[in-house]
Amino acid sequence: MSGTEAAPRTWEGPSAPERLALLRSARSVAIVGASDKPSRASYFVATYLQSSSPYRLYFVNPVAGRILGQPAYASLKDLPEVPDVVDVFRKHDDLPSVLEETLEVGAKTLWLQLGSWHEDVARSAEAAGLDVVMDRCIKIEHARFHGGLNLAGFNTGVISSKRQITS
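None of the values given here were measured: they were computed from a predicted structure. (Residues numbered from 1 in each chain as written. Predicted model: local features only at pLDDT ≥ 70, side-chain atom pairs only at ≥ 80, totals over all residues. Heavy atoms only, no water.)

## Some details on the packing of helix α2 (residues 41-52) against helix α5 (residues 138-145)
Close contact between α2 and α5 brings their axes to 9 Å; oriented N to C, the two are set at 35°. When you trace α2 past α5, the crossing you get is left-handed. Side by side, α2 and α5 meet where F44, V45, Y48, L49 and S52 of the first sit next to I138, K139, H142 and A143 of the second. Within the contact of α2 with α5, the residues separate by chemical class into six nonpolar, two polar and one charged. (Axes fitted to C-alpha atoms, helices over the stretch in contact; angles between N-to-C directions. Helix = DSSP H or I, 4+ residues; strand = E, 2+ residues; numbered from the N terminus. Left-handed = near helix turned anticlockwise from the far one by under 90°. Contact = heavy atoms within 4.5 Å. Nonpolar A, V, L, I, M, F, W, Y, C, P; charged D, E, K, R; others polar.)

## Comments concerning the packing of aromatic side chains
Counting across every chain of the model gives two aromatic pairs. Aromatic side chains W11 and W117 sit 5.6 Å apart centroid to centroid with 70° between the ring planes, which places their arrangement in the edge-to-face category. With W11 in the segment before α1 (16-25) and W117 in the loop between β6 (109-112) and α4 (119-127), this pair connects stretches of sequence that are 106 residues apart. For W11, a relative accessible area of 6% corresponds to the buried category. W117 sits in the buried class, given a relative accessible area of 19%. Between the NZ or CZ atom of R9 and the centre of the ring of W117, over which it lies, the distance is 4.0 Å. (Phe/Tyr/Trp six-rings, centres within 6.5 Å; stacked < 30°, edge-to-face > 60°. Buried < 20%, exposed > 50% of the residue type's maximum accessible area, 1.4 Å probe, protein only. Lys NZ or Arg CZ within 6 Å of the ring centre and 35° of its normal.)

## A few points about the confidence of the model for the protein
For the protein, the average pLDDT comes to 88, and 84% of its residues sit at 70 or higher. Long-range and interchain partners of residues 151-156, a stretch whose pLDDT sits below 50, account for five contacts in this model, where long-range means more than four residues apart. (pLDDT = per-residue confidence, 0-100.)

Right, here's the structure in full:
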């Protein structure tokens with residue numbers, strides 16, 4: 001295998017009904033790697049979850065003061081409660097340390113966002129009793145299960161087979 005080829009994916013994540021059950025049972029979500037920059041995916045996901053989900057949200061970013069009007073915390077250990085889901089927007093090499101901190105605080109689900117895949121982390125997390133989701137966006141999954149996802153990934157609020165004309 002050359003240096004540019006990805007390792008084969010052998011780990012299998014939870015099924016759609018299992019992901020739905022994880023989302024339904026969760027009451028709080030910590031977004032690790034949350035950003036206060038509107039151009040970042042974590043900001044978009046946070047905005048969606050804040051407006052369209054029942055979750056208590058916590059933003060983990062050691063250099064941000066506030067994100068979307070809420071305090072940003074330096075680490076999972078600093079949160080006022082143990083989150084049900086740890087949603088991760090961090091680079092691949094940071095994932096083992098995020099897992100370690102997730103285990104230390106006692107969260108039950110580790111959710112790695114789209115494009116994030118780390119089989120060793122997933123296997124270690126499962127061996128420790130965590131539920132694991134990888135390479136899936138929590139916003140897309142929530143919207144899919146709650147009827148808020150159209151082709152563009154946005155809920156326009158318009159139900160029509162015709163394009164709406166605005167003047």
